[in-house]
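In case you want the letters, here they are:
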Number of protein chains: 2
Amino acid sequence: MVPFPQRKSVLRLNELAEEPIDLTDEENFTPKRVDALVSEALGMKLFYAGERVTNTTMEALESLAEEANVLSKMRSMQAGEVMNFIEGCESENRKVLHTAMRDFFEQPSSAEQAKEASHLAYQELEKLTQFLKDLEVQELFSDMVQVGIGGSDLGPRAVYHALKAYKKEDRRAHFFSNVDPDDGADVFHELDLKKTLFVVVSKSGSTLETLTNEEFVRERLVKAGLDPKNHIISVTGKGSPMDDPSRYLASFYIWDFIGGRYSVTSMVGGVILAFALGMDRFLDFLQGASRMDKVALRQDMRSNLPLISALLHVWNRNFLGYATAAVIPYSQALFRFPAHLQQLTMESNGKRVDKKGRAVDFDTSPVIWGEPGTNGQHSFFQMIHQGTSVIPVEFIGFLESQYKEDTLFQGTTCQEKLLSNLFAQSLALATGQKCTNPNKHFPGNRSNRILLARKLDPHTMGMLLSYYENSVAFQGFLWDINSFDQEGVQLGKKLAVQFTELFAEKRGKKGAGGKSFPLGQAYFRHVLEGQDE
Amino acid sequence: MVPFPQRKSVLRLNELAEEPIDLTDEENFTPKRVDALVSEALGMKLFYAGERVTNTTMEALESLAEEANVLSKMRSMQAGEVMNFIEGCESENRKVLHTAMRDFFEQPSSAEQAKEASHLAYQELEKLTQFLKDLEVQELFSDMVQVGIGGSDLGPRAVYHALKAYKKEDRRAHFFSNVDPDDGADVFHELDLKKTLFVVVSKSGSTLETLTNEEFVRERLVKAGLDPKNHIISVTGKGSPMDDPSRYLASFYIWDFIGGRYSVTSMVGGVILAFALGMDRFLDFLQGASRMDKVALRQDMRSNLPLISALLHVWNRNFLGYATAAVIPYSQALFRFPAHLQQLTMESNGKRVDKKGRAVDFDTSPVIWGEPGTNGQHSFFQMIHQGTSVIPVEFIGFLESQYKEDTLFQGTTCQEKLLSNLFAQSLALATGQKCTNPNKHFPGNRSNRILLARKLDPHTMGMLLSYYENSVAFQGFLWDINSFDQEGVQLGKKLAVQFTELFAEKRGKKGAGGKSFPLGQAYFRHVLEGQDE
């Protein structure tokens, strides 16, 4: 494949980017434009009149998608071909089949690999259904604590908070992720251990933080006179050190074709979400995700929401040169969702070599960040409106609230105020406002789009999750990078082990960490100086 | 004052930035370098060997500080001169005296304006002390809910979570900020209203979200058969609509010289923090902040921690061209602190005109973002190590945990593992690692620094807060911009009102919102289409 910068459509897009449409011109940004630049799928609408694109730009972006074969790659991915590899280098060489974890509904894939993965996933789901039924009968547990980090934490946590309005009344979920002992202490202070089930999640069964935190849990269970075996289950790869019936009440499986950051709909998210929300709602969530996976396969690009999102990302990043992208959900329940998207996007596409192993000479993933609105308006929006860098924004909004416990004040409900603010910000950023006071001048042309759905329920949350997962995959396909590995985390891990050796030596353990690690020693000396004796 | 780009030191720094030190060269990054590039104040250490600076760079940065008179400006600010203004334009024209809110300890300011502000602040503190004593005697309230947004929410919330380990056992704090009705519903489901005191915070007494949410609270108190007057207090400006003894159990005051994002140590943070932590601990927190304020006045720049932080920020932003900066606390308790710093920094310095009202032709604030470590390592660190953009990182670490409830596993404690990871990441980012597999190659030279303190206690938290507040002010002084206003939030507010008119009209209220707002109508039509009938 021709490298990204040399593609014909890229040259064309570079030309278009020299003079992108001016959204502050009233003749450009019209009601007609709003209606022309909106796409819809499954009742979810994506408004992109606030982006600096025209129909011509969209056509050029679609040519880019064609040149990069992204729809065919999406089909290959969902069919279970090996997508996680770098040509000519040692690499993971794996299939990428998170979409199979939820392909139990309409038009399931007929590809062998995908069917097989779905079959495996369904078996786990059935195991889980039975396990939860047994729990229900025994009424033993009211609380579940997820012990995991990264992909085993951020996604399930974000989705749990997003759907807390739908949880079972007598069930609570907690998350213990950080190796910081204060994280564990804080979580444990809230628990009645007798009624608590822990689910330890690690694909390899060897994640240092998670093993450490599991030990933290076991110690406290024993101290409380409880048998850890009756209070801990695991989610792990078959045959891993954590697949051990002598130590766990049950084990649920994941496979090497499920990346951590793509694992929410596997057992990684499944156990705790189904426990807290009930299996029916978890299935609604899976179905929403699966339906959006099918949208990602649509040949008609203008209704392929994840693809449009990816194309706009690439336009903003590579052609307009924006270094970050904010995701601003106008929904407090989504307050942890940007942190999940940060991992999903930046760990997938924060890469410096393409799939042929060549160092790229163009920009890959921007920094993804965000906080809920309207809160953000009273915080960093000052800079989005008047800073020196353009920060593209993706707003997420819902027509209805979850609890429907609203208040009418000064003629409108809270939900109406929330939506009014979302649309107002979108318009204000795009159109700006001239003012003779330079400090009250708004330059406008601040790219943004709006993703609008009816209500944040399990089904919609599944759609949202899949929208972003598939958008991220499309971005990787467009750049021809591998969005499914994470070699960049290895060096830090290695050095951390050397540092822990310094602590262990101080404790009396023999080792040679210090002598061979002079830079580590240099910092370590300061640690010792400052420490309590 | 000469505009930033034309200053002599800026020209010199531009030269130095052409060939910044290569940290991947073992002869450059030595143990000696670690010891040379560390500054200390009040037992807090700032390590910046991981930044792409040498002594020569630091000297040039110090010349920049001198040219921009930043120390004299800091003295003026803390003395109560009018600092919040833009020359030649209508602007707020206010003093900036958040440092006076805590200047009750060593070497208080002798400047008239500052003394007067401190006196006012101390009166409120005494009022609060008495109020809390009365509450204690009556044993009426176990829970307090802060109703406020932006500066009235993020800072107090971040500090509460940071210091939750020190809270009184029978006290809990909650935060209700978003106009999203699901935010309120979620908070209320946790409360026993009889035992709950609400503190509504708005300087002007007219923040739309906060007034709406206050109404949300009042309705529910009435519905529960309680008298709102006995359950709501206010923090507001004297004489504001919220300074009304007929509606509030008590009112505590703030003044126009306290910006929202700088208000944590005023009554904005004071009421809920002193309620939850106790007055003694709140005073410890204030004292920590005040001591760091004095550090910000130090003429010896190499021990002026907030100034060094600001200079490194400017070096990374304006000379090395980095668009974002991450703050990564290796402390789960600080999980909301980056959101506070996001507001503090981006609302203060996300500006496009200088103090003479000239549009600037250089970059002001970067995007500030972050999540706790080690969690981030399993998420976006991939991109920090191997992405195409350099993302400077400020790590925050502590030698000791808060709860001291730790577990020894594989030879080290959790706290030791946490610290090991922090130092390991810092080194790995700076030095990188060569590898023949291009996908396992780490380019290094990824700027970072480490702020290290003994323990996250109230005193240290005060120091940390002030470190950032003063760093942000210094950055503004260096760029000669006004870090104390936020005109960029006005346009969105105005348009939101127009949008709410559309909803109100639909409800039957007469108005002309629609006709004069065709773009609003264009979006609104989609809202109506999608809505539940």
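The following refers to the structure shown. A quick note: this is a predicted structure, and the numbers were derived from the prediction, not measured.

Quick word on the overall build of chain A
Check the secondary structure of chain A and you find 17 helices and 15 strands. Here chain A has a C-alpha radius of gyration of 24 Å; the compact-globule value for 533 residues is 24 Å, and the two agree. The proportion of buried residues among the 533 residues of chain A is 67%. Surface exposure of chain A reaches about 17600 Å², of which carbon and sulfur atoms provide 48%. Computing the positive centroid from 59 side-chain charges and the negative centroid from 69, chain A places the two 1 Å apart.

Structural notes on the pairing of strand S7 (residues 196-201) of chain B
All names here are of chain B. For S7, a buried count of 6 out of 6 residues is recorded, marking the element as mostly surrounded by other parts of the structure. Along S7, one buried face is formed by Thr196, Phe198 and Val200 and the opposite face, lined by Leu197, Val199 and Val201, is buried too. As paired elements, strand S5 (residues 143-147) and S7 share 5 bridges and run parallel to each other. Directly across from Gln146, in S7, lies its bridge partner Val199. Here S7 runs beside strand S8 (residues 232-237); their pairing, made up of 4 bridges, is parallel. What sits directly across from Val201, in S8, is Val235.

Comments concerning the relation of the copies chain B and chain A
Look at the two chain copies: a rotation about an axis and a shift along it is all it takes to match them. Superposing chain B onto chain A requires a rotation of 180° together with a translation of 0.0 Å along the rotation axis, leaving an RMSD of 0.0 Å. As the rotation angle and translation indicate, the two copies are arranged about a two-fold axis. Of all interface residues in chain B, 100% are interface residues in chain A too; the two copies therefore contact each other through one and the same surface.

Points about empty space enclosed by the protein
What the rule picks out here adds up to 11 cavities of 30 Å³ or more. There is about 170 Å³ of room inside the largest cavity. Forming the boundary of the largest cavity are 21 residues, of which His313(B), Ala325(B), Val327(B), Ile368(B) and Arg449(B) lie nearest the centre. Here the lining of the largest cavity is composed, by residue class, of 11 nonpolar, 7 polar and 3 charged. Taken as a whole, the second largest cavity holds about 140 Å³ of empty space. Secondary structure elements with two or more residues in the lining of the second largest cavity: helix H12 (337-349) of chain A together with helix H12 (337-349) of chain B.

Remarks on the sheet that holds strand S2 (residues 44-47) of chain A
Residue and element names in this part refer to chain A. The 6 strands lie next to each other as S1-S2-S15-S12-S10-S11, forming an open sheet whose pairing is mixed. Strands at the two margins of the open sheet, each flanked by one partner only, are strand S1 (38-41) and strand S11 (367-369). Averaged over all adjacent pairs, the angle separating strand axes in this sheet is 15°, with direction ignored. By the bridge criterion, 3 bridges tie S2 to strand S15 (residues 448-455) in an arrangement that is antiparallel. In the sheet register, Lys45 faces S15, and the bridge partner there is Leu452. Contacts between helix H14 (residues 414-431) and the sheet are confined to strand S12 (393-400) and S15, with S12 contributing the most and set at about 155° to the helix.

A word on the nonpolar core
Counting residues in each nonpolar core, the largest one holds 338 residues, and the members touching the most others are Leu464(A) and Leu464(B). Contacts of Leu464(B), omitting those with residues within four sequence positions, involve Met44(B), Leu334(B), Phe337(B), Ile396(B), Phe398(B), Leu451(B) and Leu456(B). Of all hydrophobic cores here, the second largest spans 11 residues; its members include Leu97(B), Ala111(B), Ala114(B) and Phe257(B).

Looking at the interface of chain B and chain A
Contact residues are listed per partner, giving 151 residues for chain B and 151 residues for chain A. Between the two partners, chain B and chain A, sit 12 salt bridges. Close ionic contact of Glu371(A) with Arg336(B) constitutes a salt bridge, the shortest N to O distance being 2.7 Å. At the junction of chain B with chain A, the criterion picks out 68 residue pairs in polar contact (both at pLDDT 80 or more). For the side of chain B that touches chain A, the element with the most residues is helix H14 (residues 414-431) of chain B, which contributes 15 residues. Class assignment for the residues of the side of chain B that touches chain A results in 58 nonpolar, 56 polar and 37 charged.

Things to note about a negative patch on the surface
A cluster of like negative charges, contributed by Asp22(A), Asp25(A), Glu26(A) and Glu27(A), occupies part of the molecular surface. Note that Glu26(A) resides in the loop between helix H1 (8-18) and helix H2 (31-36).

A few points about the pattern of salt bridges
Applying the stated rule across the entire model yields 68 salt bridges over all chains. In this structure, the salt-bridge partner of Arg172(A) is Asp143(A), at a minimum N-O distance of 2.9 Å. Placement of the pair is Arg172(A) in strand S6 (residues 172-176) and Asp143(A) in strand S5 (residues 143-147), with a sequence separation of 29 residues. Judged by its relative accessible area of 37%, Arg172(A) falls in the partly exposed class. A salt bridge links Glu529(A) to Arg525(A); its shortest N-O distance comes to 3.4 Å. Taken together, the residues Glu529(A) and Arg525(A), both in helix H17 (residues 518-530) and 4 residues apart, mark about one turn of the helix. By sharing partners, the salt bridges in this structure join Asp35(A), Lys45(A), Arg525(B) and Glu529(B) into a single network.

Focus: the sheet that holds strand S6 (residues 172-176) of chain B
Residues and elements named next belong to chain B. Taken together, the 5 strands give an open sheet; going across it, the order is S6-S5-S7-S8-S9, and neighbouring strands pair in parallel fashion. Two strands lie at the open edges of the sheet, namely S6 and strand S9 (251-254), each paired on one side alone. For this sheet the average axis-to-axis angle between neighbouring strands, irrespective of direction, equals 20°. Pairing between S5 and S6: 5 bridges, direction parallel. Note that in S6 the partner of Met144 across the bridge is Ala173. Here helix H7 (residues 181-188) sits on the sheet and contacts S5, S6 and S7; the angle it forms with S6, its principal contact strand, is near 165°.

Calculation rules
- Per chain, residues are indexed from 1 in the order of the written sequence.
- Here chains are named by letter from A upward and ligands by number from 1 upward, in the order in which they appear as written.
- Per-residue local features are limited, in this predicted model, to residues with pLDDT of at least 70; the limit for side-chain atom pairs, both in listing and counting, is 80 or more; totals at the level of whole chains, interfaces and linings are taken over all residues.
- By convention in this description, side-chain values take in all heavy atoms of the structure and omit both hydrogens and water.
- Secondary structure elements are taken from DSSP: a helix is a run of H or I of four residues or more, a strand is a run of E of two residues or more, and numbering for both begins at the N terminus.
- Our radius of gyration looks at C-alpha atoms and nothing else; its globule reference is 2.2 Å times the residue count to the power 0.38.
- Burial classification: accessible surface area is computed with a 1.4 Å probe over protein chains only, and a residue below 20% of its type maximum counts as buried, one above 50% as exposed, and the rest as partly exposed.
- With residues, only the protein chains shown are counted as cover, and all accessible areas are computed by Shrake-Rupley using a 1.4 Å probe.
- For the purpose of charge, His is not counted, nor are the chain termini; Lys and Arg are scored as positive and Asp and Glu as negative.
- We put the charge of a Lys on NZ, of an Arg on CZ, of an Asp on CG and of a Glu on CD.
- The rule for pairing is simple: two strands pair if DSSP sees at least two bridges between them.
- Least squares is used to superpose the copies, and the fit set is the C-alpha atoms of residues whose pLDDT is at least 70 in both copies.
- Whether two residues are in contact is decided by their heavy atoms, any of which lying within 4.5 Å being enough.
- Here a cavity is any set of points on a 1 Å grid over the protein atoms alone where a 1.4 Å probe fits but cannot get out, and a pocket is any open set with protein on both sides within 12 Å along at least 5 of 7 lines; a residue lines the site when it has an atom within 4 Å of a point.
- Grid points are joined across faces, edges and corners, and a volume is the space filled by probe spheres set on the points.
- Polar here means any residue other than Ala, Val, Leu, Ile, Met, Phe, Trp, Tyr, Cys and Pro, which are nonpolar, and Asp, Glu, Lys and Arg, which are charged; Gly is therefore polar.
- Angles run from 0 to 180 degrees between N-to-C directions of axes, and those axes are lines fitted to C-alpha atoms, restricted for helices to the stretch in contact.
- Buried Ala, Val, Leu, Ile, Met, Phe, Trp, Tyr and Cys residues form a nonpolar core when they are joined through side-chain atoms within 4.5 Å.
- By definition here, a salt bridge exists when the distance from a side-chain nitrogen of Lys or Arg to a carboxyl oxygen of Asp or Glu is within 4 Å.
- Polar contact criterion, stated in full: a pair of N or O atoms within 3.5 Å, where within protein one must be able to donate a hydrogen and the other to accept it, and residues adjacent in sequence count only if both atoms are side-chain atoms.
- Patch membership requires over 30% relative accessible area and the absence of a salt bridge. Like charges are linked within 9 Å, and nonpolar side chains (Val, Leu, Ile, Met, Phe, Trp, Tyr) within 5 Å.

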